[in-house]
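Coordinates in review
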Protein chains: 4
Amino acid sequence: MKGLAMLRIGEVGWIEKDRPSCGSRDAIVKPLALAPCTSDIHTAWEGAIGERHNLILGHEALGIVDEVGSGVKDFKPGDRVIVPAITPDWDSEAVQRGFPSQTGGPLGGWKFSNFKDGVFAEFFHVNLADSNLAHLPDGMTLEAGVMLPDMLSTGFLGAENARIEIGATVAVLGIGPVGLSSIAGAKLRGAGRIFAVGTRPAAVKVAKKYGATDIIDYRNGNTAEQIIEATGGAGVDAVIIAGGGAEILMDAVTMGKPGSVISNVNYFGKGIGDRDSIPIPRAGWGVGMADKDIVTGLCPGGRVRMERLAEIVTYGRMDPSLMATHIFKGFDTLKEALLLMKEKPGDLIKPVVLLDQ
Amino acid sequence: MKGLAMLRIGEVGWIEKDRPSCGSRDAIVKPLALAPCTSDIHTAWEGAIGERHNLILGHEALGIVDEVGSGVKDFKPGDRVIVPAITPDWDSEAVQRGFPSQTGGPLGGWKFSNFKDGVFAEFFHVNLADSNLAHLPDGMTLEAGVMLPDMLSTGFLGAENARIEIGATVAVLGIGPVGLSSIAGAKLRGAGRIFAVGTRPAAVKVAKKYGATDIIDYRNGNTAEQIIEATGGAGVDAVIIAGGGAEILMDAVTMGKPGSVISNVNYFGKGIGDRDSIPIPRAGWGVGMADKDIVTGLCPGGRVRMERLAEIVTYGRMDPSLMATHIFKGFDTLKEALLLMKEKPGDLIKPVVLLDQ
Amino acid sequence: MKGLAMLRIGEVGWIEKDRPSCGSRDAIVKPLALAPCTSDIHTAWEGAIGERHNLILGHEALGIVDEVGSGVKDFKPGDRVIVPAITPDWDSEAVQRGFPSQTGGPLGGWKFSNFKDGVFAEFFHVNLADSNLAHLPDGMTLEAGVMLPDMLSTGFLGAENARIEIGATVAVLGIGPVGLSSIAGAKLRGAGRIFAVGTRPAAVKVAKKYGATDIIDYRNGNTAEQIIEATGGAGVDAVIIAGGGAEILMDAVTMGKPGSVISNVNYFGKGIGDRDSIPIPRAGWGVGMADKDIVTGLCPGGRVRMERLAEIVTYGRMDPSLMATHIFKGFDTLKEALLLMKEKPGDLIKPVVLLDQ
Amino acid sequence: MKGLAMLRIGEVGWIEKDRPSCGSRDAIVKPLALAPCTSDIHTAWEGAIGERHNLILGHEALGIVDEVGSGVKDFKPGDRVIVPAITPDWDSEAVQRGFPSQTGGPLGGWKFSNFKDGVFAEFFHVNLADSNLAHLPDGMTLEAGVMLPDMLSTGFLGAENARIEIGATVAVLGIGPVGLSSIAGAKLRGAGRIFAVGTRPAAVKVAKKYGATDIIDYRNGNTAEQIIEATGGAGVDAVIIAGGGAEILMDAVTMGKPGSVISNVNYFGKGIGDRDSIPIPRAGWGVGMADKDIVTGLCPGGRVRMERLAEIVTYGRMDPSLMATHIFKGFDTLKEALLLMKEKPGDLIKPVVLLDQ
């Protein structure tokens, strides 16, 4: 079968591999819709997860079940499914501790295009099908559905972890597709005023539709100062970090009130200095005593998460398809879609590839 | 000054009283908008809080500050304010334990028309003005604002206590103004599917606008059975009780999944039998072991709560004025509005009295 | 193989059955120590789970692994293990929702002596061995260890669910082995004053060792009144129900402060009246508005839970062997031990059967 | 009256000041027992809170009420009281948001020896006496009681914020009196294994009595590596930071499991580099995605907190007097006690000054 792979750091191309084999509780799935993720760019061109050879990329997919193992009960060939980016080993100890995304080690629930082949292939393997697949509801468009596996799940997590009270004021740093989903997530948790920090016009437009009430342009000055001023000196109740470099906590922590939560769903690809560290501002953090919690998490995966996200779409609570700005058709367009994600033109939020199945 | 009072159980009328005097940290407020509450009906005609003589009724008001004590910093005569139904003693021990609505004893944060005169008067007294008043934002209509002191605060609490996860399925029992606010609250916390149990057409219409996806008519059979069937046997993740008699837990507990929350904001005016009790269904409760929590609370009061609710309205997250179905003008119409609340015609959700100030 | 079974409601006896067969991820275990539970009495003589024929009883065991399936990684024949009473299907949806004891339906994590044969046999079957067994630490006595599978796990849950703050005042209703474990659990969560309600002298002695500061004798009057008086009218911050009949909530809810938690780990075998209900006191519950939450749960199972409980014993945080008042030796004494549990003489807390393996 | 004051940064001495005057809801208190805190050293000699002139130091005291304002109900002259280090303005907005230690701005609940005169005086002023004083229980020794206002409250907070599950493994970094209290607090929350990082023999001895099971000596190598090795590679469930410099998060975050909590109660007096920052290790933090939360707080104050801590002592849950290694007698010894705290000889945990009242 054909797959779009990271050949080595810095090089991406089509390869041929054997179709994966299916364990007794697993499934083999053919893609219906695929979306490249910024993580794919980090992985392939920046070496974010280290060197890999011929690793098939991709972890955002809808698909059609092609084969299931003998122990699979709830899915059968032909079923249309949502495939979460994170597919935990549900019988591992981290699940019992309450952290399914961390099974088998830090970030261990993330398997696709990390330590096994990803979904950018004619067929891909899903572990624990009954626990890690969800039925794609009739009537959900592919453009909407393919945002669930990672974008909505990660972005909403940013909001969920932020302990938002009804009517609270929230700042979302970054308005890529994860940041936009965090804005939508903040609204879904009951935020009142929502500051969105970003500038790209296509994203700004969606940010407003998703609930942002104030757009902050970092080119107009320090974002923490802008937001503190806009709130009459108070700062915000919660900050969601959905983008930014190693220095982003300097502003994020500063703009929070005493008692605020700084909720990170950003991938830190590079630290500062020899320590390879992410700095917290000592004064802005109240010398460590201002009740400003810095909380984190990895995209929740698994079946129930996907089913719940699907409910959000089914009942019209938000429309993820607004983020699908560029639609490609056919498996062969996948490389083009990936390269577009790498280039990030101004009108791009998310490219989506629809397949003929 | 004039006030509309409970003369004794079963009798309501206008009385004359002295204008209340203002403590050093308190305020005297003139009403701008008033709304009768079902609790006023319970109090006046059903003896819900016991016998009272010449107790001025009412606890839902917007107003204009007429006088403040010497220790009040943030409010001055002429300020337009939101007056929460619950005005805690913020320096009492229950606050330090985390339960401001319970200061000084069970339900002790509820003072208006309970153990002091209420807001249905030409002037009323607010304890701890800096902590218990909030500025009425410019541009908020009186019809919208007067829903905040009790309806939104209580209804939203039902949703907040229900520990709703994004995409969860929720049932709201009762679609009076509190139930409608619970529906809106459930949507604000991220619910997917929302069942609303009720029949009155005016309320059903607003329920849908506030986020209800399925209307359940109890005349079509047992509500627990209807909802369990509609969810394919699963039941719901959370139940909010916003109305109903002493037997309501029988259905509410039954329709919840193992692991669900049953969140009560209903006033139980009458119990069953000699025990004066509210029955939990033994089997439906999983013989006490199915992880179904029954949680409760009294309307949160205080300034910050009102400010946050105001943000919800200001930023268009929901429109409480949809519940103000009957608008009266002038202080003298107050008795008529109260009697309408008592009669509850089919097209009524909430009567509101607007004053000329 | 031989097993001690419920032949039908009201009749218990030895039977012969085939040795269970081992699935690929499962284990077959021989018992090292067994303990009868009050639930066994309810099951066998009171029909608590309905009619059963030749169902082997028992769910509290330590054992030696006799056989493992091909997919089991962490256990091998000869390993000494703790076997939790509750053995969830870790790949089921209730786990993803956060309720592993409720897999497959209400109380569905409870399999032994419920819908499959229990541990009172020469061999018994454990599903998902890697997830549901824990290694018995060297140096832990069998009398101590056999209290972990159910008594400690259930009793501690009562305390965990009670949201106890450091220094809070707690009441524990019932001082059977679960109640005693709840007392120890309340101390482990940081309770200050702990009221224990019960009278049996052997249990009273252990209650004090486990942290009870006040013993309340229900023969001296209504327990709620006694506890409210002893706290100067305040009531307690948390109530743990670890015993009592259908009416126990009447007192439990009454003795809690506004803002308290009533945490139930009691099995309700019988309800009241035609409704088969468990009554909440309307007034004591603050007419449903005094912030008194009634929370529940089923004994947590699984490997990590057992490992953590083992740490408590290993590091001397409490000594569960104090509850093992009656030690029997040899598999053949099991029926005698079970009958002793049924009789409940005054000096009994828990009978334990040690086996020669 | 006489007071021991910071004259300017680097200089401490006795001064004369007017006795403070008492507001209507306040109290004037004479000290019964006083304890210098490391914060006093930071304040006086390191300029931790900036320049101050003739600011009376001290925030740890027991006392006798000398005068109360007309509005004080629960205290009268002659009452023996516990005075919390943190005395919030209970009617401020931060309380309504749930953060009483942050009233009026970051760390604003901390008034004594911060922005008003402290307790190292013949008389000192306590705001909101009914809310911020607690009665000293009969039978509590002064050496024990004087540990409550700051040491126990801060140290326990470290444990409370760490979300410790029963049986969890915890590391406490630092074994000064706050670290020792965190160890005791971790035990009070149900920790199993507790690593204590420190070397001073007097403190090591108390650490073990308070529940530490493993003592880690940083002179034997990197503490994170030592603890990870001791846990078989797993790391710990929670880390409490109760001491250390700007780099302490580098180890603290690294030694936590995915899903762990890093709970800080350490004062960061100095940051790193131009950014004045506290570095988080990028890799150890799982590139921001390993569910490792960094949480903080300031010592909880107020009456209920003190009353609950007193219960811990009254019911023998832990004995804080073990930390009072050096007892001084008489107000005039206060400077000597403070200087001893500055010198920190090897056998010192905490000096205490007892007064003749």
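Remember, predicted model here, so these are calculated numbers, not experimental data.

**Digging into the interface of chain A and chain C**
Chain A puts 13 residues into the contact, and the matching count from chain C is 13 residues. Where chain A abuts chain C, roughly 1100 Å² becomes buried across the two surfaces, and 53% of that area is made up of carbon and sulfur atoms. Its largest share of buried area at the contact with chain C, chain A owes to W90, Q96 and V304 of chain A, together 48% of the area lost on that side. The interface formed by chain A and chain C holds two salt bridges in total. The salt bridge involving D91 of chain C is made with R25 of chain A; its shortest N-O contact spans 2.9 Å. Counting every contact that joins chain A to chain C gives 10 residue pairs in polar contact (both at pLDDT 80 or more). Looking at the side of chain A that touches chain C, the elements that each hand over two or more residues are α2 (93-97) and α10 (303-314) of chain A. Tallied by class, residues from the side of chain A that touches chain C come to three nonpolar, three polar and seven charged.

**Details of the interface of chain A and chain D**
If you look at the interface, chain A gives 44 residues, while chain D gives 44 residues. Taken as a group, R275, R282 and M289 of chain A account for 19% of the area that chain A buries against chain D, more than any other trio of residues on that side. Two residues, D276 of chain D and R282 of chain A, come together in a salt bridge whose shortest N-O distance is 2.9 Å. Counting the contacts that link chain A with chain D gives 29 residue pairs in polar contact (both at pLDDT 80 or more). Secondary-structure elements contributing two or more residues to the side of chain A that touches chain D are α9 (248-255), β13 (256-264), β14 (277-281) and β15 (293-296) of chain A. A per-class count over the side of chain A that touches chain D returns 21 nonpolar, 12 polar and 11 charged. Relative to strand β14 (residues 277-281) of chain D, β14 of chain A runs antiparallel, the two being bridged by five bridges.

**So, the relation of the copies chain A and chain C**
Mapping chain A onto chain C calls for a screw motion: a turn of 180 degrees about the axis and a shift of 0.0 Å along it, with 0.0 Å RMSD after fitting. Here the transformation between the copies is reduced to the relation of a two-fold axis. Comparing interface residues between copies, 100% of those in chain A also lie at the interface in chain C; the contact surface is shared.

**Some points on unusual backbone geometry**
A positive phi is found at S113 of chain B, a non-glycine position, where the angle reads about 60 degrees. In this fold, S113 of chain B is placed in the loop between α2 (93-97) and β7 (124-126). Take S113 of chain B: its relative accessible area is 0%, and that puts it in the buried class. Despite not being glycine, R163 of chain D has its phi angle at roughly 50 degrees, a positive value. Structurally, R163 of chain D can be placed in the loop between α5 (148-161) and β9 (170-173). Judged by its relative accessible area of 44%, R163 of chain D is partly exposed.

**Side note on the pairing of strand β9 (residues 170-173) of chain B**
All names here are of chain B. Side chains of β9 alternate between two faces, with V170 and V172 and A171 and L173 buried alike. Across four bridges, the pairing between β9 and strand β10 (residues 194-197) is parallel. In the sheet register, V170 faces β10, and the bridge partner there is I194. Once the chain exits β9 it traverses helix α6 (residues 177-188) before rejoining the sheet at β10, and the crossover so formed is right-handed. Summarising the sheet, β9 and strand β12 (residues 236-241) pair through four bridges and their orientation is parallel. By the bridge assignment for β12, A171 is matched with V239.

**Structural notes on the domain arrangement of chain A**
All names here are of chain A. As far as domains go, chain A holds domain 1 (2-146 + 319-354) and domain 2 (154-296). The C-alpha centroid of domain 2 is placed 28 Å from the C-alpha centroid of domain 1. Across the boundary between the two partners, domain 1 contributes 13 residues, which contact 10 residues of domain 2. Buried area between domain 1 and domain 2, summed over both chains or domains, comes out near 960 Å², and the portion from carbon and sulfur atoms is 66%. The largest share of the area that domain 1 buries against domain 2 comes from L322, M323 and I349, three residues that together contribute 52% of it. The interface formed by domain 1 and domain 2 contains zero salt bridges.

**Thoughts on the packing of helix α5 (residues 148-161) of chain A against helix α6 (residues 177-188) of chain A**
Residue and element names in this part refer to chain A. Look at α5 against α6: their axes get within 7 Å of each other, and the N-to-C directions meet at 50 degrees. With respect to α6, the element α5 is oriented oblique. For the pair α5 and α6, the sense of crossing is right-handed. For the pair α5 and α6, contact is made by M151, L152, T154, G155, F156, G158 and A159 and by P177, V178, S181, S182, A184, G185, A186 and L188, respectively. Grouping the constituent residues of the contact of α5 with α6 by class yields nine nonpolar, six polar and no charged.

**Examining the side chain of N264 of chain C**
Tracing the chain through its elements places N264 of chain C in strand β13 (residues 256-264). There is a polar contact of 3.0 Å between the side chain of N264 of chain C and the backbone oxygen of G288 of chain B. Among residues more than four places away in sequence, those in contact with N264 of chain C are W285 and G288 of chain B together with I241, V295, T296 and G297 of chain C.

**Brief notes about the UniProt feature "domain: Enoyl reductase (ER)" (unreviewed entry) in chain A**
Following the UniProt record, one finds the feature "domain: Enoyl reductase (ER)" (unreviewed entry) at residues 10-340 of chain A. Between the end C-alpha atoms of residues 10-340 of chain A the distance is 15 Å, and the span holds 28% helix and 22% strand.

Thresholds applied
- Residues numbered from 1 in each chain as written.
- Chains lettered and ligands numbered in written order.
- Predicted model: local features only at pLDDT ≥ 70, side-chain atom pairs only at ≥ 80, totals over all residues.
- Heavy atoms only, no water.
- Contact = heavy atoms within 4.5 Å.
- Buried area = accessible area lost by both parts, 1.4 Å probe.
- Salt bridge = Lys/Arg side-chain N within 4 Å of Asp/Glu carboxyl O.
- Polar contact = N/O pair within 3.5 Å; in protein donor to acceptor, adjacent residues only side chain to side chain.
- Helix = DSSP H or I, 4+ residues; strand = E, 2+ residues; numbered from the N terminus.
- Nonpolar A, V, L, I, M, F, W, Y, C, P; charged D, E, K, R; others polar.
- Pairing = 2+ DSSP bridges.
- Least-squares fit on C-alpha atoms with pLDDT ≥ 70 in both.
- Buried < 20%, exposed > 50% of the residue type's maximum accessible area, 1.4 Å probe, protein only.
- Right-handed = clockwise from strand over helix to strand, strands pointing away.
- Domains from an automatic or database assignment.
- Axes fitted to C-alpha atoms, helices over the stretch in contact; angles between N-to-C directions.
- Parallel < 35°, antiparallel > 145°, perpendicular 65-115°, else oblique.
- Left-handed = near helix turned anticlockwise from the far one by under 90°.
- UniProt positions renumbered as here; feature names shortened; annotations may be inferred.

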